[in-house]
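In case you want the letters, here they are:
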Amino acid sequence: MSNLEREAAPSLCGGRGFVVAEPVRELLSPRRVKLGESSEVRRLLPNLGRRMIGAWCFVDHYGPDDIADEPGMQVPPHPHMGLQTVSWLHEGEVLHRDSTGSLQTIRPRELGLMTSGRAISHSEESPRSHARFLHGAQLWVALPDSHRHTEPRFEHHAGLPVVTAPGLTATLILGDLDGATSPGTAYTPIVGADLALTQGADVRLPLEPDFEYAVLSMSGEAHVDGVPVLPGSMLYLGCGRGELPLRAESDANLMLLGGEPFEEELIMFWNWIGRTQEEIEQARRDWMEGSRFGEVKGYDGAPLPAPELPPVPLKPRGRVR
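Just so you know, these numbers come straight off a predicted model, no measurement behind them. Per chain, the residues get numbers from 1 upward, laid out in the order the sequence is written. Totals for whole chains, interfaces and linings use every residue, but because this is a predicted model, local features are given only for residues with pLDDT of at least 70 and side-chain atom pairs only at 80 or more, for both listing and counting. The side-chain values count all of the structure's non-hydrogen atoms but skip hydrogen atoms and water molecules.

Draft legend 1. Structural detail: the sheet that holds strand S21 (residues 227-229). In this analysis, strands are considered paired if DSSP registers two or more bridges between them. Helix and strand assignments come from DSSP, with helices taken as H or I runs of at least 4 residues and strands as E runs of at least 2, each series counted from the N terminus. Reading across from one edge, S18-S23-S20-S21 is the order of the four strands in this open sheet, with antiparallel pairing throughout. On the outer flanks of this sheet lie strand S18 (202-206) and S21, each paired with one strand and no other. Strand-to-strand twist in this sheet, taken as the mean axis angle between neighbours without regard to direction, amounts to 30 degrees. With three bridges connecting them, strand S20 (residues 222-224) and S21 associate as antiparallel partners. For Ala 222, the partnering residue across the bridge sits in S21 and is Val 229. For every element, the axis is a line fit to its C-alpha atoms; helices are fit only across the contacting stretch, and the angle between N-to-C directions ranges from 0 to 180 degrees.

Right under this line is the structure:
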């Protein structure tokens, strides 16, 4: 799911000013966001206390939701620019359509990676015949200036590298981890990994000291560097770590997110990332006029209208707390 809030507010993020250059344990609580009449997600990024983790700039955790008698996910066509979307499921299926002509069903632990580049639009929906439960995360990666005007594209990777240790299975979503490399296209030094821990596991995961990291709990009971992290919450870890202690009190699933701190300052408004107010204003005009972002064919419903821009000027800033 993308940002469907009708009262969207700009997020001013990026820059290294608030990067914690040493190991920390900063627990981030989610903000609960209603999507439509009945759906609710837990938004971890952007957060009041932390705007980015490497190039990761948006994280929603949703479910597990019982949708046996419901239509499930129904996200009408909407636009993106200046970012990548990462769709990651633990349960259920999501049908992706976009303006490049892509049509793909994404299933648990398969990577759906959409690079918006200069402009794309897409929709996301549960298939008419779908599993009972829907559980996953939707994440965005900010594109650096050198690649943010690239041609839009969609990638689907059903087979991903796996790193194992006693009690741990780590599926590499994006970037590099312990010698493994994801087939997903990355534009900055980054890592995203799904960590499945069995009850009683006590392991140490190798990290890059120059990266900043966070861990999102998807399910179960786990301690991250000694801190209990409950499902739907995220622990920010800062930089300067060569390894990360993980201990599971029950079978547990976590997501490791990290990367080199993102230097560029950004404006994130609704589903767009830009550098100036003029870029955001032009994107809104283009979307509302039906130009530039293309057409999503096959979705049964109208595209989402863009929210109004705020009355105050939008200016890119650093990692404001």
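Having put the structure on the table, let's press on.
Draft legend 2. Representation of the UniProt feature "domain: Pirin C-terminal" (unreviewed entry) in the chain within the structure. UniProt records the feature "domain: Pirin C-terminal" (unreviewed entry) for residues 193-292 in the present numbering. With 13% helix and 51% strand, residues 193-292 has its two end C-alpha atoms placed 33 Å apart. UniProt positions are given in the numbering used here, feature names are shortened, and annotations may be inferred rather than shown by experiment.

Draft legend 3. Local environment of the environment of Pro 77. Inspection of the secondary structure assignment puts Pro 77 in strand S6 (residues 74-80). Three exposure classes are used, based on accessible area relative to the maximum for each residue type with a 1.4 Å probe and protein chains only: buried under 20%, partly exposed in between, and exposed over 50%. The class for Pro 77 is buried, based on a relative accessible area of 5%. Sequence separation between Pro 77 and Leu 27 is 50 residues; the distance between their C-alpha atoms is 34 Å. The criterion used for residue contact is that any of the two residues' heavy atoms lie within 4.5 Å. Dropping the residues within four chain positions of it, Pro 77 is found in contact with His 122, Ser 123, Trp 287, Val 296, Tyr 299, Ala 302, Pro 303 and Leu 304.

Draft legend 4. Spotlight on the nonpolar core. By nonpolar core we mean a set of buried residues, namely Ala, Val, Leu, Ile, Met, Phe, Trp, Tyr and Cys, connected to one another through side-chain atoms within 4.5 Å. Judged by nonpolar contacts, the single largest core of 36 residues is most densely connected at Trp 56, Val 86, Leu 139, Met 234 and Met 255. The element contributing the most residues to this core is strand S12 (residues 133-142), with five residues. Every residue in contact with Met 255, bar those within four places of it in the chain, is listed here: Trp 88, Ala 137, Leu 139, Ile 173, Ala 193, Asp 194, Ala 214, Val 215, Leu 216 and Met 218. Grouped together as the second largest cluster of nonpolar side chains are 29 residues, Val 203, Tyr 213, Leu 246 and Ala 248 included.

Draft legend 5. Broad picture of the UniProt feature "binding site: Fe cation" (unreviewed entry) in the chain. Under the UniProt annotation, "binding site: Fe cation" (unreviewed entry) lies at His 78, His 80, His 122 and Glu 124. A maximum C-alpha distance of 13.3 Å places the annotated residues, which cover 47 residues in sequence, within one compact spot. Relative to the helices and strands, His 80 resides in strand S6. Judged by its relative accessible area of 0%, His 80 is buried. Side chain to side chain, His 80 and His 122 meet in a polar contact 3.1 Å long. Considering the arrangement of structural elements, one finds Glu 124 in strand S11 (residues 120-125). Identification of polar contacts relies on pairs of N or O atoms within 3.5 Å, with a donor-acceptor requirement for protein atoms, meaning one able to donate a hydrogen and the other able to accept it, and with residues adjacent in sequence counted only if both atoms are side-chain atoms.

Draft legend 6. Examining unusual backbone geometry more closely. Following Leu 45, the chain continues into Pro 46 via a peptide bond in cis, with omega recorded as -5 degrees. With respect to the secondary-structure elements, Pro 46 resides in the loop between strand S4 (39-45) and strand S5 (56-66). That bond from Gly 63 to Pro 64 is cis: its omega, 0 degrees, falls within 30 degrees of zero. Here Pro 64 shows up in strand S5. Although it is not a glycine, Asp 178 adopts a positive phi angle of roughly 50 degrees. With respect to the helices, strands and loops of the structure, Asp 178 is situated in the loop between strand S15 (168-177) and strand S16 (180-181). Given a relative accessible area of 52%, Asp 178 falls into the exposed group.

Draft legend 7. Quick peek at the environment of Arg 107. The residue Arg 107 is located in the loop between strand S9 (103-106) and strand S10 (111-115) in this model. Distance in space between the C-alpha atoms of Arg 107 and Ala 170 is 17 Å, their sequence separation being 63 residues. Ignoring anything within four residues of it in the chain, the contact list for Arg 107 reads Leu 89, Gly 92 and Glu 93.

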